[in-house]
Each structure stands twice: as C-alpha cells, then as structure tokens.
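Listed below are the residues making up each chain.
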Amino acid sequence: MHFPLQHLLLSLPLAIAHPAKDITKVPTAQEAAVQARELLRSEKIGTLSTVFPSSDAGGLSGHPIGMMDYYADCSNNGNPTLLAIKIATSFRNAKNGAPISLTLREHSPSSEFYSPAAHHRLSLMGRLSPPIPSNSDEGRLARACFTKVHPDAKWWIPGNPIHESEWVTFEVERVYWVGGFGDREFIGDIPVELYRNVTLKEGVANAAMPFNIQRVWVGLKSVLRIQKGDDT
Ligand SMILES: *[C@@H]1O[C@H](CO)[C@@H](O)[C@H](O)[C@H]1NC(C)=O
C-alpha cells in the first residue's frame with residue numbers, strides 16, 4: 001500500500017521467471033503488518049543483533065553480532081518485552097549506544113514437508129526502553145507475562161542472586177518483512193504505524209495459524225521447477 005513500486009519490483013522478477021498457475025494475491029502492507037504481529041505473537045525466541053562499540057577492548061569495534069534471546073509479546077502495540085541480563089553482549093552493546101534489531105522466523109507447526117525459505121521472516125529495528133522498575137505495576141506485569149511464556153526464565157528475573165537483570169521493552173521503529181517467495185508474499189518495509197495499529201484477537205497465537213502446507217509446497221515446486229515425481 002505504501003511501497004507499491006518497491007513491492008512490484010521485488011515481486012516481479014520471481015513472478016516472471018517462474019510463472020505459477022496458483023499465484024494468489026500478494027498481501028498488501030496492511031495485511032503483512034497483521035502477519036508480522038501474528039508471527040511476533042506465535043514465536044517467543046529470536047536473534048538480537050547489535051554491533052560492538054568503538055571502545056571494544058577485544059578489537060571487535062563495528063563488528064555485528066547476533067545472539068539468540070527470549071522475548072515475550074506482552075504489549076498491544078508490537079513492542080516485545082525482553083529480560084536484559086546486564087553482562088550479556090547484546091544488552092551491553094545496546095547500552096553503549098549500538099543500534100539493535102530483533103529477528104524472528106516462522107517455525108512450522110507441521111512435521112510434513114517444510115521449507116524454511118518459504119516462511120515468514122521479520123526484522124524489527126529500534127531501541128531498548130529504559131529499565132522498567134521490577135517493583136512497579138508495569139514490572140509485575142512484565143514478570144507475569146514473560147515467565148508465563150518462558151517458565152525457565154524465573155531463574156534470572158530481576159532480584160535473582162546470580163545475574164543482574166532488568167525488564168526492558170524493545171521499542172520498534174522500523175519493520176522489515178520477508179513473507180516468503182516474492183511472487184506471492186509481501187517483501188519490504190512495513191510502515192511502523194500499520195504494524196503498531198494491528199489489533200490481535202485474543203488467542204490468535206494458539207488458534208490455527210493461517211499455515212497452508214499445500215500452498216507452500218505447490219509454490220515451492222513451481223519456484224524450483226520440480227517436476228511431478230521428482231519430489232518423492
Ligand atoms: C494508527 O492509529 C492512530 C490512532 O487510532 C491513527 O490516528 C492513525 O491514523 C493510524 N495509522 C495508520 C497508518 O493506520
């Protein structure tokens with residue numbers, strides 16, 4: 001909707017190179033925003049990417065690093081909640097002013113044929129909020145929501161005897177979305193307002209996600225030009 005030209009340019013080469021009989025309508029940016037929020041709701045682990053600061057003692061100044069971390073989708077605006085361990089590299093870099101992004105991918109609920117390349121990918125870019133005091137209402141809500149999603153995290157919530165930690169939210173400023181193959185999925189920037197404004201119905205995470213194995217498989221075969229019989 002907001003990036004029709006860019007969208008078209010991205011989707012065109014695949015669409016021309018691999019004409020598929022079942023090409024369905026490519027989602028709009030608005031629809032992709034809903035998909036992005038559904039992905040955020042349905043996953044709970046992502047990769048936090050930062051760069052090392054110029055002061056890095058190990059000589060890694062400017063080098064990017066991506067590390068797995070837990071998040072929980074506890075807000076109504078798509079800003080995930082994180083449990084920041086103070087000594088963890090991602091949070092140290094962010095504290096030193098590094099830009100930060102959180103990258104997610106869709107995991108198939110099916111054990112049937114599964115091609116990760118055909119699935120949703122999301123990169124959120126933004127910054128971390130100041131720490132949320134753990135004894136505030138907001139802090140208590142963060143703890144309840146986060147430990148429901150990640151029961152094991154109760155061992156390192158603020159106040160634990162081992163690692164200093166704090167609740168923060170990831171404040172999303174830019175949203176980059178790769179829905180899958182460009183001839184049938186939205187690829188590109190999703191305007192952040194569209195992303196924030198999505199209202200998810202309760203239970204969407206556990207309800208049947210719009211995952212259609214047949215659509216993915218048929219699409220993949222057309223893209224890879226797999227002939228009947230090759231896939232057995
Ligand atoms: C998002 O919601 C706000 C508040 O309801 C509204 O003013 C704004 O126009 C919406 N933006 C988009 C892009 O839908």
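See the structure printed just above.
This structure is a prediction, so every number in the text was calculated from the model and none was measured.

So, the overall build of the chain
Inference 1: Secondary structure assignment for the chain yields six helices and seven strands.
Inference 2: The order of helices and strands in the chain, counted from the N terminus, is α-α-β-β-β-α-β-β-α-β-β-α-α.
Inference 3: The buried share of the chain, reckoned over its 232 residues, is 29%.
Inference 4: For the chain, long-range pairs separated by at least 24 residues make up 70% of all intrachain contacts whose partners lie at least 6 apart in sequence.

Brief notes about the pairing of strand β3 (residues 81-85)
Inference 1: Most of β3 sits inside the fold, with four of its five residues counted as buried.
Inference 2: In terms of strand pairing, β3 meets strand β6 (residues 165-178) through five bridges, oriented antiparallel. Its bridge partner being in β6, Ala84 is matched across the sheet by Glu166.

Some thoughts on the environment of Thr81
Inference 1: Summarising the element assignment, Thr81 is placed in strand β3.
Inference 2: As for Thr81 and Thr169, which are separated by 88 residues in sequence, their C-alpha atoms are 4.4 Å apart.
Inference 3: Ignoring sequence-local partners within four residues, the contact set of Thr81 consists of Tyr71, Ala72, Cys74, Ala142, Cys145, Phe146, Trp167 and Thr169.

Some details on the nonpolar core
Inference 1: Residues Ala33, Ala36, Trp177 and Ile190 are the most contacted members of the largest nonpolar core, which totals 35 residues.
Inference 2: Counting residues per element, this core draws most heavily on helix α2 (residues 29-42), which supplies seven residues.
Inference 3: The residues contacting Ile190, other than those within four sequence positions of it, are Ala29, Ala32, Ala33, Ala36, Val175, Trp177 and Tyr195.

Basis of the calculations
Every chain is numbered on its own, with residues counted from 1 as its sequence reads. Given that this is a predicted model, residues contribute local features only at a pLDDT of at least 70 and side-chain atom pairs are listed and counted only at 80 or more, while totals for whole chains, interfaces and linings are drawn from all residues. For the purposes of this entry, the term helix denotes a DSSP run of H or I that reaches at least four residues, the term strand denotes a run of E that reaches at least two, and both are numbered from the N terminus. Three classes are used. A residue is buried when 20 or more other C-beta atoms lie within 10 Å of its own, exposed when 12 or fewer do, and partly exposed in between, with C-beta atoms placed from the backbone. Residues are treated as contacting if the C-beta atoms built from their backbones sit within 7 Å of each other. For two strands to be treated as a pair, DSSP must find at least two bridges joining them. Only buried residues count toward a nonpolar core: Ala, Val, Leu, Ile, Met, Phe, Trp, Tyr and Cys, linked into one set through C-beta atoms within 7 Å.

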